[in-house]
Amino acid sequence: MSEQPKDNQAKISNHFSNTIEYWHNLYEDSTYLSQHMANRKKIVLDLVRKYAAGNTLKILDMGCGTGILTRSLLDENHYVASLDCSKQMLEKLEESLKDSNCKTFLGTVLGNVADTSFSAEYFDAIICIGVFQYQLHDDDLLREISRILRKGGFGVFTLPNLLRLNYLLDPFYYFRFFIRTIKRTLPKAMGKDIGTPNALSGEVSETLPYDKKYFMWQLNKSIEMHGLRIKKIVGFGYGPFTFWSKQIVSDKKSVAISNALDRATKRWSFMKYFSNRWVFVVEKT
Ligand SMILES: C[S@@+](CC[C@H](N)C(=O)[O-])C[C@H]1O[C@@H](n2cnc3c(N)ncnc32)[C@H](O)[C@@H]1O
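Now for a description of the structure that goes with this document.

Rules behind the numbers
Residues numbered from 1 in each chain as written. Predicted model: local features only at pLDDT ≥ 70, side-chain atom pairs only at ≥ 80, totals over all residues. Heavy atoms only, no water. Phe/Tyr/Trp six-rings, centres within 6.5 Å; stacked < 30°, edge-to-face > 60°. Buried < 20%, exposed > 50% of the residue type's maximum accessible area, 1.4 Å probe, protein only. Helix = DSSP H or I, 4+ residues; strand = E, 2+ residues; numbered from the N terminus. Lys NZ or Arg CZ within 6 Å of the ring centre and 35° of its normal. Salt bridge = Lys/Arg side-chain N within 4 Å of Asp/Glu carboxyl O. Expected span 1.5 Å × (residues − 1). Near = heavy atom within 4 Å. Polar contact = N/O pair within 3.5 Å; in protein donor to acceptor, adjacent residues only side chain to side chain. Areas by Shrake-Rupley, 256 points an atom, 1.4 Å probe, with all protein chains shown as cover. Nonpolar A, V, L, I, M, F, W, Y, C, P; charged D, E, K, R; others polar. Pairing = 2+ DSSP bridges. Right-handed = clockwise from strand over helix to strand, strands pointing away. Core = buried A, V, L, I, M, F, W, Y, C linked by side-chain atoms within 4.5 Å. Contact = heavy atoms within 4.5 Å. Axes fitted to C-alpha atoms, helices over the stretch in contact; angles between N-to-C directions. Left-handed = near helix turned anticlockwise from the far one by under 90°. 1 Å grid on protein atoms, 1.4 Å probe; cavity = no way out; pocket = protein on both sides within 12 Å on 5 of 7 lines; lining within 4 Å. Points joined across faces, edges and corners; volume = space filled by probe spheres on them.

## Some details on the packing of aromatic side chains
- Counted according to the given criterion, the structure contains 14 aromatic pairs.
- Between F16 and W23, the aromatic rings sit 5.3 Å apart at their centres with planes inclined by 45°, giving tilted as the arrangement.
- The class of F16 is buried, set by a relative accessible area of 11%.
- Ring plane angle 10° and centroid distance 5.2 Å describe the contact between F157 and F280, whose orientation is recorded as stacked. Linking F157 in strand β5 (residues 149-160) with F280 in strand β9 (residues 277-284), this pair joins segments that are 123 residues apart in sequence.
- The buried category is assigned to F157, whose relative accessible area is 1%.
- The positively charged end of K58 is found above the aromatic ring belonging to Y122, 3.7 Å away from the centroid.

This is how it looks when you write it as structure tokens:
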């Protein structure tokens, strides 16, 4: 396993531990982002339902946060374990389940998604939502997902899109991409490890975790190399549209535009190349 520098791990844990309430309430607000996250949750749960095909599964919620998805999976009677590197996130999840008398919760695990203590092929399914972009090395995470997933089991994970429509239409993002590329190239030329060379657009920051965006095909080779096969890619969410990074239509209108483009994507699937995010479903071969 390539080394996951402790400082990025510490940054992730710090950042999320300090923003628990934000993440916990994110799905509930009426903002554009909340609606986008609620859509993400719905798509993930629909896909799990589809590939579970009526079976009760042993699922790992990898990078579970405060357990929004854990609780929904428990409601559907799956056995769920929840792993995160933020102790405070896990405490919030335990607190929310304490009166639920839920018999299928397998418990929380404090740890690193790329290096867990689970035995090989332990899970029927793994969900890893909103997590890849913070890792320095995507390969370490894919390898771990593959290791602890049983043959024929499935994984669901999300990736944010670098070529999303609203970035392509706003010159600000070309400018930002240029600056970030320079910020990445200089330390790398000086021999500093800033992560996988494929990770474009990641912000190299002293305090915040790495936060990168992807091309749709960027992980395809690694996915295959780690014994996984892509079963489905769902693209969703467009906007909010901006000029020089300032939102030009209200959140309400942005949600309506995004929903209309989501409906169009169901018809013209090439549109997903330009959506904000993708949900990938992979199978362990
Ligand atoms: C954006 S939140 C998403 C939470 C949840 N999956 C959801 O969809 O609501 C990302 C979570 O992943 C966790 N995380 C990110 N990188 C991690 C790592 N290397 N090891 C363990 N947890 C990690 C963070 O602590 C945070 O709680």
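Let us keep going from here.
## As for the pattern of salt bridges
- One pass over the structure, following the stated rule, counts 13 salt bridges.
- We note a salt bridge from E95 to K98, for which the minimum N-O separation is 3.3 Å.
- Among the ionic pairs, K284 bridges to E121, the shortest N-O distance being 3.6 Å. Residue K284 is located in strand β9, and its partner E121 is located in the loop between β3 (105-110) and β4 (123-128); the two are separated by 163 residues in the primary sequence.
- Salt bridges sharing partners connect three or more residues here, namely K42, D46, R49 and E76.

## Describing helix α3 (residues 32-52)
- A rise of 1.5 Å per residue sets the reference length of α3, with its 21 residues, at 30 Å; its end C-alpha atoms lie 30 Å apart and thus fit the reference within 8%.
- Buried within α3 are the following residues: Y32, S34, H36, M37, R40, I43, V44, L45, L47, V48 and A52.
- Phi turns positive, to about 50°, at A53, one or two residues after α3.

## Quick notes on the site of the ligand
- Near the ligand, the surroundings consist of 20 residues, among which Y27, G63, D84, I129 and Q135 are the closest.
- Contacts to the ligand include D84, whose side-chain N or O atom sits 2.6 Å from an oxygen atom.
- With the chains in place, 98% of the 590 Å² that the ligand exposes on its own is no longer accessible.
- A per-class count over the shell around the ligand returns 11 nonpolar, seven polar and two charged.

## Considerations on the pairing of β3
- Across five bridges, the pairing between strand β2 (residues 79-84) and β3 is parallel. Paired with S82 across the strands is T108, a residue of β3.
- The parallel pair β2 and β3 is bridged by helix α5 (residues 87-97), and the resulting crossover is right-handed.

## Details of the nonpolar core
- In terms of nonpolar packing, the biggest core is built from 27 residues, with L60, M62, F132 and F157 touching the most fellow members.
- Elements represented by at least two residues in this core include exactly β1 (58-62), β2, β4, α6 (138-148), β5, β6 (228-236) and β9.
- Sorting elements by how many residues they give to this core places α6 first, with four residues.
- With sequence-adjacent residues up to four places away left out, L60 is seen in contact with A81, S82, L83, F118, F123, A125, I126, I127 and I148.
- Counting residues in hydrophobic clusters, the runner-up holds 25 residues, among them I43, L57, L69 and I127.

## Points about helix α4 (residues 68-75)
- Within α4, six of the eight residues are buried, leaving the element largely enclosed by the surrounding structure.
- Those residues of α4 lying buried are I68, L69, T70, S72, L73 and L74.
- Once α4 ends, the next one or two residues include N77, with phi positive near 70°.

## Points about the packing of α4 against α5
- Relative to each other, α4 and α5 sit at 35°, their axes nearing to 10 Å. The element α4 and its partner α5 pack so that their crossing is right-handed. Of the residues in α5, those in contact with T70, R71 and L74 of α4 are L93, S96 and L97.
- Of the residues assigned to the contact of α4 with α5, the class counts are three nonpolar, two polar and one charged.

## Observations concerning the layout of surface pockets
- Of the volumes computed, that of the second largest pocket is approximately 480 Å³.
- What lines the second largest pocket is a set of 17 residues, among which I43, V234, G235, F236 and K266 lie closest to the centre.
- For the lining of the second largest pocket, the secondary-structure elements that each account for two or more residues are α3, β6 and α10 (251-267).
- For the lining of the second largest pocket, the class distribution of residues is five nonpolar, five polar and seven charged.

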